[in-house]
Amino acid sequence: MELGVIGLGRMGGNICRRLLRAKHSIVAFDRDDEAVKTVTGSGGQGASGLEDMVRRLKAPRAIWVMLPAGPITEATVTQLAGLLSPGDTIIDGGNSYYKDDIRRAREVRAKQINYIDVGTSGGVFGLSRGYCMMIGGPADEVQRLDPIFEALAPGVGDIEKTQGRGQERDPRPEKGYMYCGPAGSGHFVKMVHNGIEYGMMQAYAEGFDILAGKASTELAEQERFSIDTADVAEVWRRGSVISSWLLDLTANALAENSTLSEFSGEVHDSGEGRWTIEAAIEQAVPVPVLSSALYARFRSRSGNTFGEKLLSAMRFQFGGHVEQLPGDTKPAEVKHEDAVKKGG
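Here is what the cut-offs are and how they apply
Residues numbered from 1 in each chain as written. Predicted model: local features only at pLDDT ≥ 70, side-chain atom pairs only at ≥ 80, totals over all residues. Heavy atoms only, no water. Helix = DSSP H or I, 4+ residues; strand = E, 2+ residues; numbered from the N terminus. Rg over C-alpha atoms; globule rule 2.2 N^0.38 Å. Contact = heavy atoms within 4.5 Å. Lys, Arg positive; Asp, Glu negative; His and termini not counted. Charge placed at Lys NZ, Arg CZ, Asp CG, Glu CD. Salt bridge = Lys/Arg side-chain N within 4 Å of Asp/Glu carboxyl O. Buried < 20%, exposed > 50% of the residue type's maximum accessible area, 1.4 Å probe, protein only. Pairing = 2+ DSSP bridges. Right-handed = clockwise from strand over helix to strand, strands pointing away. Axes fitted to C-alpha atoms, helices over the stretch in contact; angles between N-to-C directions.

J.: Give me the overall build of the chain: which residues, what numbers.
T.: Secondary structure summary: the chain contains 16 helices and eight strands in total. Its C-alpha radius of gyration of 21 Å places the chain within 12% of the 20 Å reference for a compact globule of 344 residues. Of the contacts made within the chain by residues no fewer than 6 positions apart, 67% connect residues no fewer than 24 positions apart. One finds the centroid of the 39 positive side-chain charges in the chain at a distance of 4 Å from the centroid of its 46 negative side-chain charges.

Okay, here's the thing in structure tokens:
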């Protein structure tokens, strides 16, 4: 199939490359000419702007927007809606707020343009591992574009089948992507995913903080243990009930530097955690763990612990997120290849 992709950052560029490997056609645009060259060098076409992209794509067009949530995505969707034709589709694959998706879908539907929201998880490893996707929008258009989603997804792989999952169920979730419902539902599921991610990361951070602190001189000498946290992460990866990809990445970080001295421990949040708590309040659902994890990130910005450094390390490992220093006016990023190298 043919797809336009706008935004070639940490994930957008790799989405292009993964689709090109699967023999799909890509027309790519980014304000950074060098980012466009990385895609054209892999066999894709480069566009000079949104109008040029629309001209290069054949109807019915599908254009995937992979930009930061907020004004830049809003402006891009608005501009595309003025350029596309009835039957074309806009896909927002970033981390937009689901209520914005509902509004945008209604606005572009008036022009007979489809809107699909795709919550996309996979970070800098998506090129090799694939992307877990949670998709909202018109069911028939999502089905038409299924070859795109299937190529991006991890696939069944060697994960054991879930016991009791009948053959009559939708096979897509077993391949790593899911149709969630109407516009907004994909990003809603991804929002809750990220809220849970905050809680899991916080649990690991607090547990390893306890381990690291067991050597404290504040404890009685006979009760002090010097525990190798890198080895703990390694042994827990192997057969433990708390094993996970996050624990794998924690082991990477601690193996590289068990003191995490390169991290300050100031942990930022990208919005989804806050939105998850807001949704919980709207629904009167108690979420003490997720709330606490979000508040812990707020607290981290005023003096830091080993656990908070570990949170920063995990964010770098899975997403290439670099700590934003005081006074920075834009989010810090790293090149994909550097992040993957760092992540092992």
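J.: Which residues make up the pattern of salt bridges, and what values go with them?
T.: With the rule as written, the count across this model stands at 23 salt bridges. Taking the shortest distance from any N to any O, the salt bridge between Glu2 and Lys58 comes out at 3.3 Å. Of this pair, Glu2 sits in strand E1 (residues 2-6) while Lys58 sits in the loop between helix H3 (50-56) and strand E4 (62-65), and the two are 56 residues apart along the sequence. Residue class for Lys58 comes out exposed when judged on its relative accessible area of 58%. Note that Glu107 and Arg103 form a salt bridge whose closest N and O atoms lie 3.6 Å from each other. With Glu107 and Arg103 both in helix H5 (residues 98-109) and four residues apart, the pair spans about one turn of that helix. Classification of Glu107 as partly exposed rests on a relative accessible area of 42%. Judged by its relative accessible area of 23%, Arg103 falls in the partly exposed class.

J.: Any details on the pairing of E1? Residues and values, ideally.
T.: Among the five residues that make up E1, five are buried, leaving the element largely enclosed by the rest of the structure. Of the two faces of E1, the one carrying Glu2, Gly4 and Ile6 and the one carrying Leu3 and Val5 are both buried. Direction of pairing for E1 relative to strand E2 (residues 25-29): parallel, over a ladder of five bridges. Bridge pairing in E2 places Ile6 opposite Phe29. The handedness of the E1 to E2 crossover, carried by helix H1 (residues 12-21), is right-handed.

J.: Lay out the sheet that holds strand E5 (residues 89-92) in plain terms, naming residues and giving numbers.
T.: The eight strands lie next to each other as E3-E2-E1-E4-E5-E6-E7-E8, forming an open sheet whose pairing is mixed. A single partner strand is all that each edge strand has here, and the edge strands are strand E3 (45-46) and strand E8 (177-181). Against the sheet, helix H2 (residues 33-40) touches E2 and E3, its axis set at about 170° to E2. Along the sheet, helix H4 (residues 71-83) contacts E1, E4, E5 and strand E6 (114-121); its crossing angle with E5, the most-contacted strand, is approximately 170°.

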